[in-house]
Amino acid sequence: MESDEFRAKARAWLATVARPRPADGGWGTGEDSVAVFENWSAEEERAHTERIREWERLRFDQGWGALGWPAEFGGRDLPAYFEQLYRAEEAAFDVPRRTEIFPVTQQLVAPAVRIWGTPEQQRRWIGPMLRTDLLACQLFSETEAGSDLAAVRTRAVRDGGRWILNGHKVWTSGARVADWGVAVCRTDPAARKHAGITVFLVRMDAPGLGVRPIRQMTGGASFNEVYLDDVAVPDTDRLGPAGEGWRVTLSVLAAERLDSGSLGLANADRALALARNLGRPLTGGEVERAADLFVRTLVQRLIGRRVTEALVAGREPGAEASVGKLYATETMRRTSDLVVRLLGPRAVADTGEWGTFAWTEHLMGAPGYRIAGGTDEIQRNILAERVLGLPRDPSR
Amino acid sequence: MRESEEQTQLRGVLRDFFGATPRGFDKALWARMAGEIGVQGLAIPEEYGGAGFSFADLAVALEEAGRALAGGPLLSTVVLAGYTLLLSDDKAACRQHLPAIAAGTRTATVAGFGGGELTATREAGGWFGDGHADFVLDGAGADLILLAARTGAGTGLFACEAGAPGLARQARTVLDGTRPQALVTLRHTPLTPIGEPGAAEAVVERVLDIGRAALAAEQAGGSAHALDATVSYVTQRHQFGRPIGSFQAVQHRLADLLVEIEAARSAAAYAASCVAGPPEEVAGPPEEVAGPPEEVAPPPEEVAPPPEEVAGPPEELAVAAAAAQVVCSETFRRAAEEYVQLHGGIGFTWEHPAHLYLRRARSAQVLFGTADDHRARLGALLGLTEHIT
Ligand SMILES: Cc1cc2nc3c(=O)[nH]c(=O)nc-3n(C[C@H](O)[C@H](O)[C@H](O)COP(=O)(O)OP(=O)(O)OC[C@H]3O[C@@H](n4cnc5c(N)ncnc54)[C@H](O)[C@@H]3O)c2cc1C
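The structure displayed is predicted, hence computed values, not measured ones. (Residues numbered from 1 in each chain as written. Chains lettered and ligands numbered in written order. Predicted model: local features only at pLDDT ≥ 70, side-chain atom pairs only at ≥ 80, totals over all residues. Heavy atoms only, no water.)

A. Layout of the nonpolar core. One finds Phe55(B), Leu254(B) and Leu378(B) to be the most contacted residues of the largest nonpolar core, which totals 139 residues. Not counting chain neighbours up to four residues away, the residues in contact with Leu254(B) comprise Leu388(A), Leu390(A), Leu227(B), Thr230(B), Val231(B), Val234(B) and Leu342(B). In this structure, Ala110(A), Ala136(A), Val199(A) and Leu239(A) belong to the second largest nonpolar core, which totals 34 residues. (Core = buried A, V, L, I, M, F, W, Y, C linked by side-chain atoms within 4.5 Å. Buried < 20%, exposed > 50% of the residue type's maximum accessible area, 1.4 Å probe, protein only. Contact = heavy atoms within 4.5 Å.)

As structure tokens, this is what we get:
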């Protein structure tokens, strides 16, 4: 299908199911949240997740979800960039904003199941994940295994047809609403660090699994600690071969970097709208910063498109996607810089005015993405060694 | 914006060609470039002796020229003068000048675009020019100078031949020796008008934007060379018993540079794609030729909240060219400085080419306006200035 035709059809469909956003983002009216990580209570998180789920299901059921997936998973077999085209259209409509758990489920976990899952697992998980009937979180990080993820200590011991998991995961986004967790576990402590790892999908309501929210620096709790005490997992929920878990993990991490290319764009656009609607003339310096931010949004979208084109051309953009993530986190920081400059005191003390103090959620949330999904420093390591081919740092 | 097979091929041919030839201008080389590869005629329509490819193809050549600091007066001749002729709508002038440009037998440049004190007056014997224009690219060597001069009816375009009476050209001592500049002075110099006198302002603006897009391609190429050369050096050079490229302080700087260069490439390619499709369309109205590649990248007015109400639709090429200059100027500056720095003492020597790239980077930063000028232009195009709700 031609892309123009596709866009027109997407627009037409959206118009039947959603309200269009007023021009210029409906400045001064409606939702003014620019939260990067939500500060919701458990009940609020559940309620919001349900709303987003409803939307995702509608989209899926009417043939506008899972665009790039084959029909057997409920998709339309379209080239990867059609998802971008769809999103560009969707942005003009008032639809629920997806929280991290949604891209994690649809863009990170489902593709990993497609690569590593058995046919039975694919049937059981992929469709429901794309339709968000099942939501999945990442049980990767531990207190002693962050950037050095292969140092995970959570143990999984085989017990007949099942495995018994014991350990402690941290920083798990969305654990309170997830149905499944993708757990990176050590199954062979005697093997080399990267060789003794196996990945499991764990039911988040399994006996012995406990979730405790962690309050993050934005004030709320969108990530959690997860305790695993003798949690039994059937061998049929093991993803990929035993001992090959590191490769499975890398698939997920690569997808995560790919997915980060569009981070921060919506808020950067919004900061530019703020610049236009400030109610006073901008100073020369402000105009320059705003123009710079505009240039970043333009370039970030172009970089995203190059990555998508690589996908379309059948190349794995792999490590190059780190470029997109680094670029995106910097866009988020510059958005903060511009907004503070523009708003002055109203950025730091709440006058009750629409669209002003709300930016504190961006200011305090943006630093999180320089850490989540592989820190900025780790992305640079990846670029240096895997893209530029520089000699390895002997200490790593 | 993905590179076509032909473009990749052209890139390979040019990398070999420029890699094996001296930097700067050389008449024999210029002729070979036209004869063997047809670089000058790439984007010139077939009816004027060119190959009729698009600006995006020419941009590949410019990027490779920028990578090697080669190509001589390609920017002034093919881009500035070539597009001035094409956009002027003066078919006779195109027929007269473009075939020689495409064939590599003549070079050309522009003067008085974005500054200068040139006037043209009509007398009984025809048009005559007076005044001066400074910083004219390749101004001392060009066979043909296309002038933007004030006339009673507004700005007009004129052709001035190299040997014309009253024409004086004083080469300036320049920071970047691969890119000569001159002060051009006219004293009652006979001129030939191009197109209708008075209607040249839009052409001049557009040619400058095309120049910015072309420069961005060169800058992306120069930056890529600086990164490649530096990566290979830090991989070989050992200190403290290990390659200096294994030190994380070095690795992260190069990783950051890679990110910037990816941004520069993207911005440059986008600007090139905004110049035009097939060159036949070049002379069409700007709105048509500047069509954004909207199938994949949402055009700016869609991705940012629409500025139409406040500023009118931003001109696609103007936005893209300004954005490309903001990104590519700074990227090339940084790449060239890292090139010097990470080579240590050897990088600071006259023999080492790193300084040539720093010279080019610094002079490119101001060639078609500074980054601040471009930001100010963007501010206006995006409705960020003079606006109170
Ligand atoms: C908002 C948020 C959401 C998250 N969500 C999830 C989730 O859903 N699931 C999950 O499993 N994890 C999640 N994480 C965890 C995240 O992946 C880790 O925090 C991250 O990988 C860094 O690990 P760490 O916190 O242990 O820091 P460390 O690894 O200890 O890093 C501390 C600092 O040292 C630097 N550093 C470490 N190693 C190197 C090196 N080799 N070279 C240079 N610098 C280095 C880091 O860049 C960082 O600046 C989340 C984190 C955040 C902030």
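Read on, since the account is not over.
B. How the structure looks around the packing of aromatic side chains. All names here are of chain A. On inspection of all chains with the given rule, the structure shows 16 aromatic pairs over all chains. Measuring from centroid to centroid gives 6.3 Å for Trp64 and Tyr86, while their planes differ by 25 degrees, and the two rings are stacked. You can see Trp64 sitting in the loop between α2 (42–61) and α3 (81–90) and its partner Tyr86 sitting in helix α3, a full 22 residues away along the chain. Pairwise contacts between aromatic rings join Phe6, Trp13, Trp55, Trp64, Phe82 and Tyr86 into one cluster. (Phe/Tyr/Trp six-rings, centres within 6.5 Å; stacked < 30°, edge-to-face > 60°. Helix = DSSP H or I, 4+ residues; strand = E, 2+ residues; numbered from the N terminus.)

C. Spatial organisation of empty space enclosed by the protein. Residue and element names in this part refer to chain A. Within this structure, the stated rule accounts for two cavities of 30 Å³ or more. There is about 110 Å³ of room inside the largest cavity. As for the largest cavity, its lining consists of 13 residues, and the residues nearest its centre are Glu45, Thr99, Glu100, Gly174 and Ser222. For the lining of the largest cavity, the class distribution of residues is four nonpolar, five polar and four charged. Estimated volume of the second largest cavity: approximately 50 Å³. (1 Å grid on protein atoms, 1.4 Å probe; cavity = no way out; pocket = protein on both sides within 12 Å on 5 of 7 lines; lining within 4 Å. Points joined across faces, edges and corners; volume = space filled by probe spheres on them. Nonpolar A, V, L, I, M, F, W, Y, C, P; charged D, E, K, R; others polar.)

D. Quick peek at the site of the ligand. Around the ligand lies a shell of 20 residues, among which Ser141(A), Ser147(A), Trp171(A), Thr375(A) and Glu377(A) are the nearest. Residue neighbours of the ligand fall on chains A and B, so the site bridges chains. Within the side chain of Ser147(A), a nitrogen or oxygen atom sits 2.6 Å from an oxygen atom of the ligand. In this structure, Ser173(A) approaches the ligand through a side-chain N or O atom, which is 2.8 Å from a nitrogen atom. (Near = heavy atom within 4 Å. Polar contact = N/O pair within 3.5 Å; in protein donor to acceptor, adjacent residues only side chain to side chain.)

E. Examining unusual backbone geometry more closely. Despite not being glycine, Trp171(A) shows a phi value in the positive range, around 60 degrees. Structurally, the position occupied by Trp171(A) is in strand β5 (residues 162–173). Residue Trp171(A) is classed as partly exposed on the basis of its relative accessible area of 47%. Its identity as a non-glycine residue notwithstanding, Asp89(B) has a phi of 70 degrees, on the positive side. Relative to the elements of secondary structure, Asp89(B) occurs in the loop between α4 (74–88) and α5 (91–103). For Asp89(B), a relative accessible area of 57% gives the class exposed.

F. Seen up close, the pattern of salt bridges. Scanning the entire structure with this criterion turns up 57 salt bridges over all chains. Residue Glu330(A) is joined to Arg334(A) by a salt bridge in which the shortest nitrogen-to-oxygen separation is 2.9 Å. Remark: Arg334(A) and Glu330(A) occur in helix α9 (residues 321–343); sequence separation between them is four residues, near one turn of the helix. A relative accessible area of 18% places Glu330(A) in the buried class. A salt bridge links Asp393(A) to Arg242(B); the shortest N-O distance between them is 3.5 Å. Here Asp393(A), found in the segment after α11 (376–387), pairs with Arg242(B), found in strand β9 (residues 242–243), and the two come from separate chains. Given a relative accessible area of 7%, Asp393(A) falls into the buried group. Beyond isolated ion pairs, a larger network of salt bridges with shared partners links Glu3(B), Arg11(B), Arg15(B), Glu63(B), Glu64(B), Arg67(B) and Asp228(B). (Salt bridge = Lys/Arg side-chain N within 4 Å of Asp/Glu carboxyl O.)

G. Layout of the confidence of the model for chain B. All names here are of chain B. In the predicted model, chain B carries a mean pLDDT of 88, and 89% of its residues have values of at least 70. Per-residue pLDDT stays below 50 along residues 277–314; that stretch engages in 88 contacts with residues further than four places along the chain or on separate chains. Both confidence scores are given for the complex: pTM 0.90, ipTM 0.88. (pLDDT = per-residue confidence, 0-100.)

H. Structural view of the domain arrangement of chain A. One can read the domain layout of chain A as domain 1 (136–243) and domain 2 (263–387). Put simply, the middle of domain 1 of chain A and the middle of domain 2 of chain A, counted by C-alpha atoms, are 31 Å apart. (Domains from an automatic or database assignment.)

I. Highlighting the domain arrangement of chain B. Residue and element names in this part refer to chain B. Domain parsing of chain B yields domain 1 (5–103), domain 2 (108–196) and domain 3 (202–279 + 313–387). Contact residues are listed per partner, giving 21 residues for domain 1 and 28 residues for domain 3. Note on domain 1 versus domain 3: buried area summed over both sides is about 2,000 Å², and carbon and sulfur give 73% of it. Taken as a group, Phe55, Arg67 and Leu69 account for 31% of the area that domain 1 buries against domain 3, more than any other trio of residues on that side. Counting the contacts that link domain 1 with domain 3 gives one salt bridge. (Buried area = accessible area lost by both parts, 1.4 Å probe.)

J. Inspection of the pairing of strand β1 (residues 108–111) of chain B at higher detail. Residues and elements named next belong to chain B. Burial along β1 is two-sided: the residues Ala108 and Val110 and Thr109 and Ala111 are all buried. When β1 meets strand β4 (residues 144–151), the two strands line up parallel, connected through four bridges. Each bridged residue has a counterpart across the sheet, and for Thr109 the counterpart in β4 is Ile145. (Pairing = 2+ DSSP bridges.)

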